[in-house]
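Coordinate inspection notes
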Amino acid sequence: MSLDKNKVVEIIASRVAKELKDGDAVNLGIGIPTEVANYLPEGIKVWLTSENGMIGLGGKPPAGKEHKDIINAGGGFISEVPETSYIDSAFSFAIVRGGHLDVTVLGALEVDQEGNIANWIIPGKMVPGMGGAMDLCVGAKRVIAAFTHTDKNGSSKILKKCRLPLTAQGVVKLIVTEMAVMEPTSEGLVLREVASWTNVDAVKAATEAELIIPEKIGTF
Amino acid sequence: MAKIIDAKEAASLVKEHDRILCGGFLASGAAENLIDALVAQNTPNLHLCVICTDFPDRGVGKLIVNKQIKSAQTSHIGTNKATQEQYNAGTLKIEFNPQGTFVERIRTAGAGLGGFLTPVGVGTILENEKELIEVDGKKFFLERPISGDVALIRAAKGDKSGNLVYSKTAQNSNPLMAMAAKIVIAEVDEIVETGELDPDLIATPGLLVDYIVQHKD
């Protein structure tokens, strides 16, 4: 069974949203992580931040209401909320590194069972640079990797050991894909939850990393 | 007191082999008129310091398309094909920095410090080019300051004394760049009389700014 792209995004983003606590300071990466903001549970309000110097992000403005000087870290227009503030880039990354950012949600090319993450370079092929990804991975109190379980060729993105150059070492605390929720621990990668549309065997078959399968596994 | 000049005169202050510090993030807060004038002047062999290399037709990306940049210190080139092509061809040298490290290196230069220690990048391939220092059992990179010859920055308003206020996310690295270069040129959307800006809102004091250029669309 496979899912259409919108459903994949919805499953991942809505599950990640449940990890956020009221009052958390949260940085959402480009792509699927950005969508998390649309699935915040009732009564949960977070400080969304953007590393280009905005604290308190609203949604995408309606057509014609864009402000040329209000963009998010992906370059897209964004709107203010009543509590919005702006800071310079050094202040912004001091917030990231200084223990003031509770959660960062990032996409990844690869994550491994030791919590390593690679998402900034494919040597010889794609060298965009790390942008703020290394700072966010090292600085945030909790790093959640949110991405499709497999790449476009169907290969697992959750590996025994990352093959691409790392963005950061041992920082990923939770992995959320359209198939499963997994937690890198000192014992190894633990399968915590399986999506309701699939099953444990399918998750194991789609995962290169060694999964620890506990007796009790949740569904989402 | 800042001197009000036009973009062409401002560009003439940039010389071959200069290290230019450019404000902006994905061209938001980029000094577009100053960059256009520098493209028209066609000064080669510049060293560029900027958060990212913007787009081929916006921000510092235009200097790269025009092949005026021989080397760059930046954090991201993914939105500019010209940067990637010249980097892959070996005609443009790039030192990649984590974004927070990059801006802190600029800040450090402007604040007169010799460097700083950061955990960002430890355990990655950046270890090949950085000095590791262990403090209380924790590993850090020693990061050195980055200063420049000329800063090309953008602000929303500037008064005739050079005081600047910024607008929203167009602020980004601009106030940092204003601290770290020998010559600071600010392109502003509006020039006002001294005394008109709320002193509480001035982010860059005029003593840091040498020249003001009126932005024109």
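Placed above this text is the structure.
1. Considering the overall build of chain B
- Within chain B, the secondary structure is distributed over six helices and twelve strands.
- Over its C-alpha atoms chain B spans a radius of gyration of 17 Å, differing by no more than 12% from the 17 Å that the globule rule assigns to 217 residues.
- Principal axes of the C-alpha set define a box for chain B whose edges measure 55 × 40 × 25 Å.
- Burial statistics for chain B: of 217 residues in total, 57% are counted as buried.
- A fraction of 71% describes how many contacts in chain B between residues 6 or more apart in sequence connect residues 24 or more apart.

2. A short note on the nonpolar core
- In terms of nonpolar packing, the biggest core is built from 39 residues, with B:Ile20, B:Leu34, B:Leu48, B:Ile69 and B:Leu152 touching the most fellow members.
- Broken down by secondary-structure element, the contributors of at least two residues to this core are helix H1 (7–11), strand E2 (19–22), helix H2 (32–41), strand E3 (46–49), helix H3 (61–65), strand E4 (69–74), strand E5 (93–96) and strand E9 (148–159) of chain B.
- Among the elements that make up this core, the one with the highest residue count is H2(B) (four residues).
- Each residue touching B:Leu34, except ones within four places of it in the same chain, is listed here: B:Ala7, B:Ala10, B:Leu152, B:Ile153, B:Ile185, B:Glu187 and B:Val213.
- Counting residues in hydrophobic clusters, the runner-up holds 35 residues, among them A:Ile71, B:Ile146, B:Ala151 and B:Ala181.

3. Overview of the sheet that holds strand E7 (residues 117–118) of chain A
- With respect to topology, three strands assemble into an open sheet ordered E7-E6-E9 (chain A), the strand pairing being mixed. With one partner strand each, in any of the chains shown, E7 and strand E9 (158–159) of chain A form the two edges of the open sheet.

4. Some points on helix H1 (residues 5–17) of chain A
Residue and element names in this part refer to chain A.
- Its 13 residues place the ends of H1 18 Å apart at the C-alpha level, agreeing with the 18 Å of an ideal helix rising 1.5 Å per residue.
- Buried positions along H1 lie against helix H2 (32–35), strand E5 (103–106), strand E8 (142–146), strand E10 (172–176), strand E11 (180–184) and strand E12 (189–194).
- For H1, the N-terminal capping position is held by aspartate 4, with its side-chain oxygen 2.9 Å away from the main-chain nitrogen of asparagine 6.

5. With respect to unusual backbone geometry
Residue and element names in this part refer to chain B.
- In this model, histidine 17 sits at a positive phi of 75°, which is unusual for a non-glycine residue.
- Of note in this structure, lysine 67 is not a glycine but carries a positive phi near 55°.
- In this structure, lysine 67 sits in the loop between H3 and E4.

6. Observations regarding helix H5 (residues 99–110) of chain B
Residue and element names in this part refer to chain B.
- Over its twelve residues, H5 extends 17 Å from the first C-alpha to the last, a length consistent with the 16 Å expected when each residue adds 1.5 Å.
- For H5, every residue scored as buried is listed here: Gln99, Gly100, Thr101, Phe102, Val103, Glu104, Arg105, Ile106 and Thr108.
- Backbone geometry just downstream of H5 places glycine 112 in the positive-phi region, at approximately 75°.

Procedures and definitions
Residues numbered from 1 in each chain as written. Chains lettered and ligands numbered in written order. Predicted model: local features only at pLDDT ≥ 70, side-chain atom pairs only at ≥ 80, totals over all residues. Heavy atoms only, no water. Helix = DSSP H or I, 4+ residues; strand = E, 2+ residues; numbered from the N terminus. Rg over C-alpha atoms; globule rule 2.2 N^0.38 Å. Buried < 20%, exposed > 50% of the residue type's maximum accessible area, 1.4 Å probe, protein only. Contact = heavy atoms within 4.5 Å. Core = buried A, V, L, I, M, F, W, Y, C linked by side-chain atoms within 4.5 Å. Pairing = 2+ DSSP bridges. Expected span 1.5 Å × (residues − 1). Polar contact = N/O pair within 3.5 Å; in protein donor to acceptor, adjacent residues only side chain to side chain.

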